[in-house]
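# Fold and contact review
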Amino acid sequence: QVHLVESGGGLVQSGGSLRLSCTTEGPIFSGHSMGWFRQGSGKEREFLAGITWNTGRTHYVDSRSVRERFIVSRDLDKNTMFLEMNSLESEDTAVYICAASRSALVGTNGAADYWGRGTTVTVSL
């Protein structure tokens, strides 16, 4: 069983940056991919970025805003995935959730085998 724990959320001013982490607790993650989603208040959960675990190849939602400001990466030794977020805007306020898949690519279809509980990001004006 893979247990995902997010951290790094908090309150940040508009234009600021945050780096989120998603650490796998338990067995070393050997699945196919991990990814980041977010869910704002009253909104549906949306995919942001994912990474193929072994190769480090990344993929992003088809959004210029996300692609230009967010970077997903991972550290195999630390069994951790990161999401670096820059030039944050109030619209980025949401709960950020990481997910992992044993055999598929975590992406816009939202399919994943494991989910974290999320870390809250609040961007103030």
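About the cut-offs
Residues numbered from 1 in each chain as written. Predicted model: local features only at pLDDT ≥ 70, side-chain atom pairs only at ≥ 80, totals over all residues. Heavy atoms only, no water. Salt bridge = Lys/Arg side-chain N within 4 Å of Asp/Glu carboxyl O. Helix = DSSP H or I, 4+ residues; strand = E, 2+ residues; numbered from the N terminus. Buried < 20%, exposed > 50% of the residue type's maximum accessible area, 1.4 Å probe, protein only. Disulfide = S-S within 2.5 Å. Pairing = 2+ DSSP bridges. Phe/Tyr/Trp six-rings, centres within 6.5 Å; stacked < 30°, edge-to-face > 60°.

Our focus in this paragraph is the pattern of salt bridges. For the coordinates displayed, the defined rule picks out five salt bridges. The shortest N-O distance in the salt bridge between Asp 92 and Arg 38 comes to 2.8 Å. One end of the pair, Asp 92, is in the loop between strand 8 (80-85) and strand 9 (94-101); the other, Arg 38, is in strand 4 (residues 33-39), and 54 residues separate them in sequence. Between Asp 113 and Arg 102 there is a salt bridge; the shortest N-O distance is 3.6 Å. Separated by 11 residues along the polypeptide, Asp 113 in the loop between strand 9 and strand 10 (114-115) and Arg 102 in the loop between strand 9 and strand 10 bring together distant segments of the chain. For Arg 102, a relative accessible area of 52% gives the class exposed. Within the structure, one salt-bridge network assembled from shared partners comprises Arg 38, Glu 46, Arg 69 and Asp 92.

Another aspect to go through is the state of the cysteines. Here the structure, examined in full by the defined rule, presents one disulfide. Sulfur-sulfur distance for the disulfide between Cys 22 and Cys 98 comes to 2.0 Å. Given an S-S torsion of about 55°, the disulfide between Cys 22 and Cys 98 has right-handed geometry. In this pair, Cys 22 is assigned in strand 3 (residues 18-25) and Cys 98 in strand 9, connecting sequence segments 76 residues apart. For the pair Cys 22 and Cys 98, one class covers both residues: buried.

Here the focus is the pairing of strand 7 (residues 70-75). Taken residue by residue, a regular strand's side chains alternate between the two faces of the sheet. Direction of pairing for strand 7 relative to strand 8: antiparallel, over a ladder of six bridges. Note on strand 8: the bridge partner recorded for Ser 73 is Phe 82. The turn linking strand 7 back onto strand 8 is made up of four residues, and Asn 79 within it adopts a positive phi angle of 55°.

With that settled, consider the packing of aromatic side chains. As enumerated under the stated definition, the model contains two aromatic pairs in all. Residues Phe 37 and Phe 47 carry aromatic rings whose centres are separated by 5.4 Å and whose planes lie at 65° to one another, so their mutual orientation is edge-to-face. With Phe 37 in strand 4 and Phe 47 in strand 5 (residues 46-52), this pair connects stretches of sequence that are 10 residues apart. By relative accessible area, which is 2% here, Phe 37 ends up buried. Taken together, a centroid distance of 4.9 Å and an interplanar angle of 55° make the contact between Phe 37 and Trp 115 tilted. Taken together, the residues span a long stretch of sequence, with Phe 37 in strand 4 and Trp 115 in strand 10 at a distance of 78 residues. What links up through ring pairs into an aromatic cluster is the set Phe 37, Phe 47 and Trp 115.

On strand 1 (residues 3-7), burial follows the alternation: Leu 4 and Glu 6 on one face are buried, whereas His 3, Val 5 and Ser 7 on the facing-out side are not. The pairing of strand 1 with strand 3 spans five bridges and is classified as antiparallel. Along strand 3, the bridge assignment pairs Ser 7 with Ser 21.

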